[in-house]
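Descriptive structure summary
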Amino acid sequence: MRKRVTRTAWAAVVAAGVVAVGSAQAAAVFPNFSGCPSGGVDFQGCIDIQSRSGSLTIKGFTVPLGESLEIRGGLRQVGTGAEFLPARGTNGFFARDIQVPGGLLGINFPLPGNAVTAKAQLVGPASNIRVDLSTNSVSVPVKLKLTNPLIGSGCQIASDSNPVRLNLITGTTAPPAPNTPISGSFGTPAFFDTYLTFTGARNVDNSFAVSGANSCGFFPIGILIDGLVNAKLRLPSAAGNNTMIVVNDVAIGSPPS
C-alpha cells in the first residue's frame, strides 16, 4: 500500500532540508529510504537528506564538507511540528570523514603524522533533532571528532555538555556582528510516483558558537595538544564568527513500489 504524501509532509521537506550528522557512512544512492520506520496515523513519510556541497567556517578557517553528511529515517507529526524517527537499526545520522586543510601543522603538504580528519556527530539521541515547520528550520546539536596519530582517539571540538548548536534554515539569518545576514533556499521540487524531492536546497547558519578542543592526546601532553588545535582553529569562537552552508538533496514519501 502506498503512503500518501500530505501537504504537511511537503512543508516538512522544506523544513528538513538540513545537514545531518553522525557516525556512519553517507549513502551514494538518492533517495535512500532503506530502514524507513513504520508508519501510523501521524506518520508523514520516509525522509532522506544528503549533502552535495558546503563548508564550515570558523573565524575564517574553512573546512569543505562535500558529500559527507546524511540524515535518513521518517517524520511523524506532533502538534504543529514533526518528530524525527531514525532508520531502523541506526541512529539515523551518517557521516564520512573529511580532510582538515593543512592538517595538524597548518601545512598543505603530505608530512608524516600531519593529516587530520574530522567527522561530525550528533550529540544525544535522534530526538535532539528539532523540526520547526513554522520557520522551516532544523536545530541540531553536534560535535566534531578529530583523528590524527598524535592527538589520540578522543580528540573532539565541542562536547556532549557543550555542543555546537546549529539552526540551519532556508530563510535569511540574523547573526550577531561581525557576521552579516545570509540566505538559504528551498531547492528545486520534483514529483514522483510515491515521493517528492527538493534538489539543491541551501541551508545556512552563521549565528552559532564553537567551543574549544578537548580530550586530545594523553595527560599532561594532551593539554598542549588541546592548545595546538585551539590555536589552529582559533577556538573557542563566539557566535557571529562562524558560518555553515550546506547544499542538500531532500526526498520525502515512500520507497518506489
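Note that the structure is predicted; figures quoted are calculated from it, not measured.

1. Regarding the environment of E83
Looking at where E83 falls in the secondary structure, it is placed in strand 4 (residues 81–86). Take E83: its relative accessible area is 27%, and that puts it in the partly exposed class. Considered as a pair, E83 and Q44 are 39 residues apart in the sequence and their alpha carbons are 9.7 Å apart. Here the side chain of E83 touches R76 through a polar contact of 2.6 Å, side chain to side chain.

2. Quick word on the state of the cysteines
Applying the stated rule across the entire model yields two disulfides. Bridging C36 to C46, the disulfide has an S-S length of 2.0 Å. Looking down the S-S bond of the C36 and C46 bridge, the torsion is -100°, so its handedness is left-handed. Here C36, found in the loop between helix 1 (7–15) and strand 1 (43–58), pairs with C46, found in strand 1; they are 10 residues apart in sequence, far enough to count as distant. Per residue, the accessibility class of C36 equals that of C46, and both read buried.

3. Quick notes on the packing of aromatic side chains
Inspection of every chain in the model, using the stated rule, returns three aromatic pairs. On the basis of an interplanar angle of 80° and a centroid distance of 5.8 Å, the ring pair of F33 and Y195 is categorised as edge-to-face. Of this pair, F33 sits in the loop between helix 1 and strand 1 while Y195 is found in strand 13 (residues 195–205), placing the two residues 162 residues apart along the sequence. Comparing F33 with Y195, the two get one shared label, buried. Ring-pair connections join several aromatic residues into one group, and the members of that group are F33, F192 and Y195.

4. Quick look at the nonpolar core
Counting residues in each nonpolar core, the largest one holds 49 residues, and the members touching the most others are F84, L146 and M244. Residue contributions to this core peak at five residues, all from strand 9 (residues 137–147). Formed by seven residues, the second largest nonpolar core is a distinct cluster that contains F33, C36, F43 and A251.

5. Structural notes on unusual backbone geometry
Look at the link from A177 to P178: it is a cis peptide, with omega at 10°. One can find P178 in the loop between strand 11 (164–169) and strand 12 (188–191). Cis geometry is adopted by the peptide bond preceding P236, which originates at L235 and carries an omega value of -5°. Here K59, not a glycine, exhibits a phi torsion of approximately 50°, which is positive. Examined against the element boundaries, K59 turns out to sit in the loop between strand 1 and strand 2 (61–64). Accessibility expressed as a relative area gives 25% for K59, which makes it partly exposed.

6. Side note on the pattern of salt bridges
Inspection of every chain in the model, using the stated rule, returns four salt bridges. R52 is paired through a salt bridge with D249; the nearest N and O atoms lie 2.9 Å apart. Taken as a pair, R52 in strand 1 and D249 in strand 15 (residues 242–253) lie far apart in primary sequence, 197 residues in all. For R52, a relative accessible area of 24% gives the class partly exposed. Across the pair K143 and D160 runs a salt bridge, and its minimum N-O distance is 2.8 Å. Here K143, found in strand 9, pairs with D160, found in the loop between strand 10 (156–157) and strand 11; they are 17 residues apart in sequence, far enough to count as distant.

7. Overview of the pairing of strand 12
The pairing of strand 12 with strand 13 spans four bridges and is classified as antiparallel. By the bridge assignment for strand 13, A190 is matched with T197. The hairpin turn running from strand 12 into strand 13, its antiparallel successor, is three residues long.

8. Describing the side chain of R72
Among the secondary structure elements, R72 is positioned in strand 3 (residues 69–78). Relative accessible area serves as the criterion here: at 9%, R72 is assigned to the buried category. At a separation of 3.2 Å, a polar atom in the side chain of R72 contacts the main-chain carbonyl oxygen of S34. Separated by 3.3 Å, the side chains of R72 and E70 make a polar contact.

Thresholds, definitions, all that
Residues numbered from 1 in each chain as written. Predicted model: local features only at pLDDT ≥ 70, side-chain atom pairs only at ≥ 80, totals over all residues. Heavy atoms only, no water. Helix = DSSP H or I, 4+ residues; strand = E, 2+ residues; numbered from the N terminus. Buried < 20%, exposed > 50% of the residue type's maximum accessible area, 1.4 Å probe, protein only. Polar contact = N/O pair within 3.5 Å; in protein donor to acceptor, adjacent residues only side chain to side chain. Disulfide = S-S within 2.5 Å. Phe/Tyr/Trp six-rings, centres within 6.5 Å; stacked < 30°, edge-to-face > 60°. Core = buried A, V, L, I, M, F, W, Y, C linked by side-chain atoms within 4.5 Å. Salt bridge = Lys/Arg side-chain N within 4 Å of Asp/Glu carboxyl O. Pairing = 2+ DSSP bridges.

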